[in-house]
Structure formats: C-alpha cells, structure tokens
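Letter by letter, the chains look like this.
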Amino acid sequence: MNGHAMNTFGQMVERGHERVCFHYDEETGLRAIVAIHSTKLGNALGGTRRWHYATEADALYDVLRLSEGMTYKAAAADLPMGGGKSVILLPKPGYRPSEAEARAMGRFVDTFNGAYIAAEDVGVDPQYVDWMAKETRHVMGGETISTGGDPSPYTARGTVYAMRACLAHLGRPTSFDGLTIAVQGVGHVGHYLVSMLVEEGAKVIVSDIDRERVERAVDEFGVTAASPEEIITAECDILAPCALGGVISANTARKLRCRIVAGAANNMLDDPDEDAVVLRNQGILYAPDFVANAGGLIRLAGLYLGMTEAQIDRKIAGIEDTLAQVLRDAESAPSTYVAATALAKQRIARGSRSDKEQVHAG
Ligand code: NAI
C-alpha cells in the first residue's frame, strides 16, 4: 500500500465517502484519521487501526479503502449499519500504545456523536478500546467499560462458514477432514481459525512474521510451519490470508497452488477488480473478504443493535448462505468480488435506516 497520492477529494468522490476528518492532539502527539464512507443504512461501525505508514497518503488510502469495505461488509451481512474506519499514524513501527493516546483517540471519536463507532483493528485490543471508552460511549469491543470483547473468535467462526460455502459450491464435502489449509498470519483471528480447523480434522500449515506466534500455534495445535515467503504459494486446498491487506496481486494470483482463497484479512486483493478475475481464470474460487470476515462485525453490531447472543450466532452462521448466494450470482458476473459488491450495493440502494436513533455523518 505504498506510494499513493493524497488527492483527498478525488478519492472521496471516486469511492463515495461522506466524511473524512483529520485530527492532531497536541498533548499526546496523536495523529489520526476517521473516514465515514456511508451512513445510508445506519451509523458507521468500524475498527481503529494503529500502524506506521510510510506516508500520510498511504494512511489516507488505507482508511478510505477499509471504510468503504465496512459499508459493503455491513450491507452484505444485512445489518442496518453504515461503514467507517479510523487509523492512527504511528511515529515509528511498533510504537507502544498508551492510555493517554487511546483517550485522545476516544475524544476524537466522541466528536462524531455516534455517527462513527470505533472498535478493534490491527494494533488495538479490548484494553485499548476500554481506554477510549473513558472518553466516549461510541466504542464497541472492550471488556470493562464498553462491551463486546475481542471480536476475533467470531470473525474466525464466520470464516469457517465461508470456507464451507466454497466447498459446497465446488460440490465437495463440507467437512474439513483431510483438507490442507494454509493460514497466513496467526494473530488474533488466525490463531482462533487454526484451532477451529484442527478441531475439524484439517491439516493446517501456518506462517507469521512473528516467530513466537508461529511457535505458539505449532506447540498448541501440532500444525506445520512455513516461512512467510512460502505460505502464499503453498500447495493446499484452501489458502486463508489472515494477516494484512494486499497480499494477492495479479502476479501472485498466478502462482497460487490452492483451489479456494477464503480468509479474514481485509482487502486481501491488491486490486480486487483485476485480481478477482485473474483468480477465476486460474480456476481458484475466491470468497470475497468482506463477506467471509463479517463475523466480528456481526457480533459487535449485533450487541450495539440489541440482538441476543442466539440471534447473533444465527446471523454469523448466515455467512454460509450469503456466500453461497454470491458464488451462484458470480456465475453470471465477471468475478465473485463483483457479485458480492453488487449484492451489498443493492441492499444499500433498497435499504432504509433502522428505527434506532441515528446521527447522519454528512
Ligand atoms: P493481528 O494483528 O492480531 O494478526 C495479524 C498477524 O499477521 C500478526 O501476527 C502479524 O505478525 C502477521 N503478519 C503480518 N504480516 C505478515 C506476513 N507477511 N506473513 C505472515 N504473517 C504476517 O490482526 P487480526 O485481528 O488477527 O486481523 C487479521 C486480519 O483480519 C487483518 O487484515 C484484519 O483487518 C482482518 N480482520 C480482523 C477482524 C477481527 O475480528 N480481528 C475482523 C475482520 C477482519
């Protein structure tokens, strides 16, 4: 995601963003961006990412792309929620989180009066969310002050349902017994995913740039480790990218040796319009990420909307049916990505905001 131009309004117009706000907090040095892509279906729920970006333009590109994805994720999951996301621009890689920084971010989030609701993303955990919650009630995913906890196990579970839909679409048994699954990234989601797949009898290969995380997965689940360079092209039934975005480009797509790509990473395709077509031409079935990884959003949005745990569980299980529909629709579309985006856009065009109190972002 390096080397993007700033061109803020041009990108907003192209992607259809309602609102993008930059914030600098003098006391803590916090530099953050909140992007609200759409509030057409409801308030915009989406995580806060802490990351060291090479340039401000890269941070802007990331937050715009991620927030747009949240709109489609909520709509595809049939949730009355919009799409938003925020990024914190770290001064250097691995910059440690602090309560002061999180509270400054919480004050920024509070200025949106609920049109944007923050949660976890890469670099942000439930403790960080609870620190933000000291300054705003518009956060989800904490454990003490705000509610919901870590959404990762729910994201992992949803990804398993997505894998089942892919197997069924190919006319294969939907049991994982004997399948080889390569998981790139054994962080929050990846670790839970590996545990579920091993439980279901899959042979799992893992990789992470963090050696300790690989060792933890190997020790706990007896899985095989591969290097970060090998994992993407490992020979397997399913490749599950669960690290960062942009890991599959047209070039890497041609080198994959899997039958299915289904994982949790947001924006796993570098250029989804082009790369999803290359995957199809390679005979690889791609589960669009924003459909496959909606479990965590469904859990937090479900709690926010007052759903019961049973209703939330049913909706996460519904990812299997939603994806099955997308895969069927894709037979008469250029790619599964186009079919998934079309489903989301139809729901946005048709849908109206729920009865719940909403604040428009515009
Ligand atoms: P995380 O930060 O806990 O885990 C990501 C892992 O990927 C880390 O262990 C990191 O060392 C590893 N990694 C980074 N680059 C790598 C590379 N080149 N090769 C191998 N490993 C690499 O993040 P989390 O929460 O597990 O999220 C993973 C992905 O899923 C992200 O793209 C996130 O946006 C997405 N996602 C997460 C959700 C959640 O509930 N946590 C919900 C929906 C999407």
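Residues numbered from 1 in each chain as written. Predicted model: local features only at pLDDT ≥ 70, side-chain atom pairs only at ≥ 80, totals over all residues. Heavy atoms only, no water.

1. Here's the deal with the pattern of salt bridges
Applying the stated criterion to the full structure yields 17 salt bridges. When the shortest N-O distance is used, the salt bridge between Asp62 and Arg49 registers 3.4 Å. With Asp62 in helix α2 (residues 56-76) and Arg49 in strand β4 (residues 48-51), this pair connects stretches of sequence that are 13 residues apart. Summarising the burial analysis for this pair, Asp62 and Arg49 share the class buried. Here Arg103 makes a salt bridge to Glu99, at a shortest N to O gap of 3.3 Å. (Salt bridge = Lys/Arg side-chain N within 4 Å of Asp/Glu carboxyl O. Helix = DSSP H or I, 4+ residues; strand = E, 2+ residues; numbered from the N terminus. Buried < 20%, exposed > 50% of the residue type's maximum accessible area, 1.4 Å probe, protein only.)

2. With respect to the environment of Ala294
As for its position among the elements, Ala294 is in the loop between α11 (289-292) and α12 (295-304). Of the residues examined, Ala294 reaches a relative accessible area of 3% and is grouped as buried. Taking C-alpha positions, Ala294 is 9.3 Å from Ala156, a pair spaced 138 residues apart along the chain. Setting aside residues up to four positions removed in sequence, Ala294 forms contacts with Lys73, Ala77 and Ile319. (Contact = heavy atoms within 4.5 Å.)

3. Side note on the layout of surface pockets
Of the volumes computed, that of the second largest pocket is approximately 670 Å³. As for the second largest pocket, its lining consists of 31 residues, of which Arg15, Glu68, Tyr72, Pro272 and Tyr337 are closest to the centre. No other element matches the nine residues that α2 contributes to the lining of the second largest pocket. Its residues placed into classes, the lining of the second largest pocket shows eleven nonpolar, nine polar and eleven charged. (1 Å grid on protein atoms, 1.4 Å probe; cavity = no way out; pocket = protein on both sides within 12 Å on 5 of 7 lines; lining within 4 Å. Points joined across faces, edges and corners; volume = space filled by probe spheres on them. Nonpolar A, V, L, I, M, F, W, Y, C, P; charged D, E, K, R; others polar.)

4. So, the site of the ligand
What surrounds the ligand is a group of 23 residues, the closest being Thr155, His188, Asp208, Arg213 and Ala243. Take Arg49: an N or O atom from its side chain is 3.1 Å from an oxygen atom of the ligand. A distance of 2.8 Å separates an oxygen atom of the ligand from a polar atom in the side chain of Asn266. The protein chains hide 86% of the 840 Å² of surface that the ligand would expose on its own. (Near = heavy atom within 4 Å. Polar contact = N/O pair within 3.5 Å; in protein donor to acceptor, adjacent residues only side chain to side chain. Areas by Shrake-Rupley, 256 points an atom, 1.4 Å probe, with all protein chains shown as cover.)

5. Things to note about a negative patch on the surface
There is a patch of like negative charges on the surface, built from Asp270, Asp271, Asp273 and Glu274. Relative to the elements of secondary structure, Asp273 occurs in helix α10 (residues 272-281). (Patch = residues over 30% accessible without salt bridge, like charges linked within 9 Å, V, L, I, M, F, W, Y side chains within 5 Å. Lys, Arg positive; Asp, Glu negative; His and termini not counted. Charge placed at Lys NZ, Arg CZ, Asp CG, Glu CD.)

6. Concerning the confidence of the model for the protein chain
Considering every residue of the protein chain, the mean pLDDT works out to 95; 96% of them sit at 70 or more. Confidence drops under a pLDDT of 50 for residues 354-362, and excluding neighbours within four residues, the segment shows 24 contacts in the predicted structure. (pLDDT = per-residue confidence, 0-100.)

7. A few points about the pairing of strand β7 (residues 180-184)
Within a regular strand, the side chains alternate between the two sheet faces. Judged by how many residues are buried, β7 sits mostly within the fold: five of five residues are covered. One ladder, built from five bridges, connects β7 with strand β8 (residues 203-207); its direction is parallel. Bridging across to β8, Val183 finds its partner in Val206. Tracing the backbone out of β7, into helix α6 (residues 188-199) and back to the parallel element β8 gives a crossover that is right-handed. Relative to strand β10 (residues 238-241), β7 runs parallel, the two sharing four bridges. Opposite Gln184, over in β10, you have Pro241 as the bridge partner. (Pairing = 2+ DSSP bridges. Right-handed = clockwise from strand over helix to strand, strands pointing away.)

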